[in-house]
Amino acid sequence: MINPDPSPDMPSDPDDHVILMTNWETELRNEGFGQYKQIIKLRSKYNNAIMSSNINERKDDIMVEAQKLFKEGAHQTLVMLANTKVGGSTSAKRKTVTFSTNLT
């Protein structure tokens with residue numbers, strides 16, 4: 001259905017929407033690790049805005065849980081710093097990490 005009184009910002013022909021979408025510049029990097037990092041930042045930004053919104057009925061519960069997680073993370077950081085000796089070695093047993101090979 002064609003809008004009888006189109007606004008100046010919106011095209012009156014539905015096919016014009018396709019043209020608008022194909023010319024949409026997202027400023028995201030090409031697919032890969034750089035784009036992945038950008039998407040994670042955007043998710044964090046908008047999740048935070050949604051969760052901390054006054055419209056959110058569970059905002060208070062979420063804020064209490066977020067404060068607990070922040071304190072726990074800060075505590076773990078202090079414990080890691082306390083376990084670190086001068087010179088880079090740690091008193092705790094070091095963990096090893098292995099990576100799988102790419103399947104491409």
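Please read all numbers here as calculations on a predicted model, not as lab measurements.

Right, let's get into the overall build of the protein chain. The number of helices and strands found in the protein chain is 3 helices and 0 strands. Expressed as a percentage of its 104 residues, the buried residues of the protein chain come to 2%. Entry remark: accessible area of the protein chain is about 10,400 Å², with carbon and sulfur atoms responsible for 57%.

The next thing to look at is the pattern of salt bridges. Side-chain pairs of opposite charge can arise whenever the charged atoms involved come near each other. Summed over all chains, the structure comprises 1 salt bridge. A salt bridge links Asp-61 to Arg-58, with the shortest nitrogen-to-oxygen separation between them at 3.7 Å. Residue classification places Asp-61 among the partly exposed residues on the basis of a relative accessible area of 47%.

The next point concerns a nonpolar patch on the surface. On the surface, a cluster of nonpolar side chains totalling about 460 Å² of accessible area is made up of Leu-28, Leu-42, Tyr-46, Ile-50 and Met-51. Here Tyr-46 lies in helix α2 (residues 33-51). On the basis of relative accessible area, Tyr-46 is assigned to the partly exposed category, the value being 47%.

Structurally, the position occupied by Gln-35 is in helix α2. The buried category is assigned to Gln-35, whose relative accessible area is 17%. Those residues in contact with Gln-35, other than ones at most four positions away along the chain, are Leu-28, Arg-29 and Asn-30.

Summary statistics for the protein chain give a mean pLDDT of 74 and a share of 58% for residues scoring 70 or more. Of all the helices and strands in the protein chain, helix α1 (residues 15-22) carries the lowest mean pLDDT, 57, while α2 carries the highest, 90.

Inspection of the secondary structure assignment puts Ile-39 in helix α2. Distance from Ile-39 to Arg-29, taken between C-alpha atoms, is 9.8 Å for residues 10 residues apart in sequence.

Conventions used here
Residues numbered from 1 in each chain as written. Predicted model: local features only at pLDDT ≥ 70, side-chain atom pairs only at ≥ 80, totals over all residues. Heavy atoms only, no water. Helix = DSSP H or I, 4+ residues; strand = E, 2+ residues; numbered from the N terminus. Buried < 20%, exposed > 50% of the residue type's maximum accessible area, 1.4 Å probe, protein only. Areas by Shrake-Rupley, 256 points an atom, 1.4 Å probe, with all protein chains shown as cover. Salt bridge = Lys/Arg side-chain N within 4 Å of Asp/Glu carboxyl O. Patch = residues over 30% accessible without salt bridge, like charges linked within 9 Å, V, L, I, M, F, W, Y side chains within 5 Å. Contact = heavy atoms within 4.5 Å. pLDDT = per-residue confidence, 0-100.

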